[in-house]
Amino acid sequence: MVLRDIDRRSDYKAIRDTFMEWCESPFSSSGSVRRLRLHRNSLQYRLKKIRALTGKDPWKFKDAFDLWVAFSLKDMENLKS
C-alpha cells in the first residue's frame, strides 16, 4: 500500500493537500507556496516527510504518479463513507 498508515496521522490533510496542490501547480514550488500560503521551506519539508513516510519520492515522476493515484483513491473512498 502506497500510503501505508499516513491517513491515520493528525497531519494527513496537510500532507495530502500539499502534495495534491504541488501536482496541480504543476510541480512548481513557487505556484504551490503561493496557493497554499506556505514558506518554500515548509513545502520542501512536507514533501520530504511524504518521502520518509511512504518510501515514494515526490520528485520522481513514477513515484509522484503512484502517490497521486493513492491520494485520489483515498479521497474517493472517503466520499463513499
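Please refer to the structure placed before this passage.
Basis of the calculations
Residues numbered from 1 in each chain as written. Predicted model: local features only at pLDDT ≥ 70, side-chain atom pairs only at ≥ 80, totals over all residues. Heavy atoms only, no water. Helix = DSSP H or I, 4+ residues; strand = E, 2+ residues; numbered from the N terminus. Rg over C-alpha atoms; globule rule 2.2 N^0.38 Å. Buried < 20%, exposed > 50% of the residue type's maximum accessible area, 1.4 Å probe, protein only. Contact = heavy atoms within 4.5 Å. Areas by Shrake-Rupley, 256 points an atom, 1.4 Å probe, with all protein chains shown as cover. Patch = residues over 30% accessible without salt bridge, like charges linked within 9 Å, V, L, I, M, F, W, Y side chains within 5 Å. Salt bridge = Lys/Arg side-chain N within 4 Å of Asp/Glu carboxyl O. Axes fitted to C-alpha atoms, helices over the stretch in contact; angles between N-to-C directions. Parallel < 35°, antiparallel > 145°, perpendicular 65-115°, else oblique. Nonpolar A, V, L, I, M, F, W, Y, C, P; charged D, E, K, R; others polar. Phe/Tyr/Trp six-rings, centres within 6.5 Å; stacked < 30°, edge-to-face > 60°.

Asks: Break down the overall build of the protein for me, citing the residues and quoting the values.
Replies: Each helix and strand counted, the protein has four helices and zero strands in total. When the helices and strands of the protein are placed in sequence order, the string is α-α-α-α. Its C-alpha radius of gyration of 12 Å places the protein within 12% of the 12 Å reference for a compact globule of 81 residues. Reported as C-alpha extents along the three principal axes, the dimensions of the protein are approximately 35 × 25 × 20 Å. Per-residue burial over the protein gives 42% buried out of 81 residues. Sequence separation of at least 24 residues holds for 51% of the intrachain contacts in the protein that already meet a minimum separation of 6. Surface summary for the protein: the accessible area is close to 5,300 Å², and the carbon and sulfur share equals 54%.

Asks: Explain a nonpolar patch on the surface residue by residue, including any values.
Replies: Together, Phe61, Phe65 and Trp68 line one region of the surface with nonpolar side chains, adding up to about 370 Å² of accessible area. Its place among the elements puts Phe61 in helix H4 (residues 61-80). A relative accessible area of 65% places Phe61 in the exposed class.

Asks: So what about the packing of helix H1 (residues 12-24) against helix H3 (residues 40-54)? Which residues, and what values?
Replies: Contact geometry of H1 with H3 gives a least axis separation of 10 Å together with a crossing angle of 110°. Considering the angle they form, H1 stands roughly perpendicular to H3. Mapping the contact onto sequence places Ala14, Ile15, Thr18, Phe19 and Trp22 in H1 and Leu43, Arg46, Leu47, Lys49, Ile50 and Leu53 in H3. Across the contact of H1 with H3, the residue classes break down as eight nonpolar, one polar and two charged.

Asks: Which residues make up the packing of aromatic side chains, and what values go with them?
Replies: Tallying each qualifying case throughout the model produces six aromatic pairs. Measuring from centroid to centroid gives 6.3 Å for Phe19 and Trp22, while their planes differ by 45°, and the two rings are tilted. Taken together, the positions of Phe19 and Trp22, both in helix H1 and three residues apart, correspond to about one turn of that helix. Each member of the pair, Phe19 as well as Trp22, carries the same accessibility label: buried. Centre to centre, the rings of Trp22 and Trp59 are 6.2 Å apart; their planes meet at 70°, and the pair counts as edge-to-face. Separated by 37 residues along the polypeptide, Trp22 in helix H1 and Trp59 in the loop between H3 and H4 bring together distant segments of the chain. Judged by relative accessible area, which is 3%, Trp22 ranks as buried. Exposure remark for Trp59: the relative accessible area of 37% places this residue in the partly exposed category. Ring pairs connect the aromatic residues Tyr12, Phe19, Trp22, Phe27, Trp59 and Phe71, which therefore count as one cluster.

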